[in-house]
Amino acid sequence: YQLKTMSINSLRRNLDRRGLDVDGTREILVSTLQGCYSAEGAVVEGAGTPQVNGFYKQSGNFDGAPMYRKSATYQGEKIKFTLFRCSLTDRSRRWYISIVPDDIDPGTTRDRDFYCAVGSIDEMTPPRDFSMTASIGGGALPPPKVSVKSQMLGDGE
């Protein structure tokens, strides 16, 4: 959504759908609608393991970069996929899409890795192409594409 370029009628329709006040100047309407946005997130698409695909909400930070999570059902269990960057023992960095147990930080041998991509200390967002598939963890070809964006509240996850 490009709120600043939406017509005033479109802004009012979007606010009305959410049961919010539709009166005011264009600036007030844009400001009100911006308040409906969730935290930044990441969209994962095209993964050979379809449960990995979808919108991941930003959920704190890890290794100095944003971390993202998505609830899903995988092999009959309710789980959370986590998209995160971590530092390896050789001091290189990688981005992972994994199932991380609730009680621990990501980046351990207890993670169930599906996909990964080379990262760097300077990258604050995941790379577009996840070129590596962790078939042992459950990742299947093709690896996904990732893009960072915002999502309207109420649009689903």
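**A short note on the overall build of the protein**
Alright, step 1. Scanning the protein for helices and strands turns up two helices and eight strands.
Alright, step 2. Starting at the N terminus and walking to the C terminus, you meet the elements of the protein as α-α-β-β-β-β-β-β-β-β.
Alright, step 3. Of all 157 residues assigned to the protein, the portion counted as buried reaches 39%.
Alright, step 4. In the structure as shown, the protein presents an accessible area of about 8800 Å², 49% of it carried by carbon and sulfur atoms.

**Quick word on the sheet that holds strand E4 (residues 77–87)**
Alright, step 1. The strand order across the open sheet formed by eight strands is E7-E6-E5-E4-E3-E2-E1-E8, and the pairing between neighbours is antiparallel. Each end of this open sheet is capped by a strand with a single partner; those strands are strand E7 (132–133) and strand E8 (145–149).
Alright, step 2. Where strand E6 (residues 112–119) and E7 come together, two bridges link them in antiparallel fashion. Of the residues in E7, the one forming a bridge with Cys116 is Met132.

**A short note on the nonpolar core**
Alright, step 1. Residues Val52, Tyr56, Phe81, Leu83, Ile97 and Phe130 are the most contacted members of the largest nonpolar core, which totals 20 residues.
Alright, step 2. When contributions to this core are tallied by element, the ones reaching two or more residues are strand E1 (41–45), strand E3 (65–74), E4, strand E5 (93–99) and E6.
Alright, step 3. In contact with Ile97, other than residues within four places in its own chain, are Val44, Val52, Tyr56, Thr82, Leu83, Arg112, Asp113, Phe114, Tyr115, Phe130 and Pro144.
Alright, step 4. Phe84, Val100, Ile104 and Cys116 belong to the second-largest nonpolar core, a separate cluster that totals seven residues.

**Points about the packing of aromatic side chains**
Alright, step 1. Evaluation of the coordinates by the stated rule reveals five aromatic pairs.
Alright, step 2. Consider the rings of Tyr74 and Phe81, whose centres lie 6.2 Å apart with planes at 75 degrees: the pair is edge-to-face. Residues Tyr74 and Phe81 agree in their burial class; the two are buried.
Alright, step 3. Consider the rings of Phe84 and Tyr96, whose centres lie 5.7 Å apart with planes at 20 degrees: the pair is stacked. Of this pair, Phe84 sits in strand E4 while Tyr96 sits in strand E5; the two residues are twelve residues apart in sequence, bridging distant segments of the chain.
Alright, step 4. By relative accessible area, which is 0% here, Phe84 ends up buried.
Alright, step 5. Members of the aromatic cluster, each reached through a chain of ring pairs, are Phe62, Phe84 and Tyr96.

What counts, and at which threshold
Residues numbered from 1 in each chain as written. Predicted model: local features only at pLDDT ≥ 70, side-chain atom pairs only at ≥ 80, totals over all residues. Heavy atoms only, no water. Helix = DSSP H or I, 4+ residues; strand = E, 2+ residues; numbered from the N terminus. Buried < 20%, exposed > 50% of the residue type's maximum accessible area, 1.4 Å probe, protein only. Areas by Shrake-Rupley, 256 points an atom, 1.4 Å probe, with all protein chains shown as cover. Pairing = 2+ DSSP bridges. Core = buried A, V, L, I, M, F, W, Y, C linked by side-chain atoms within 4.5 Å. Contact = heavy atoms within 4.5 Å. Phe/Tyr/Trp six-rings, centres within 6.5 Å; stacked < 30°, edge-to-face > 60°.

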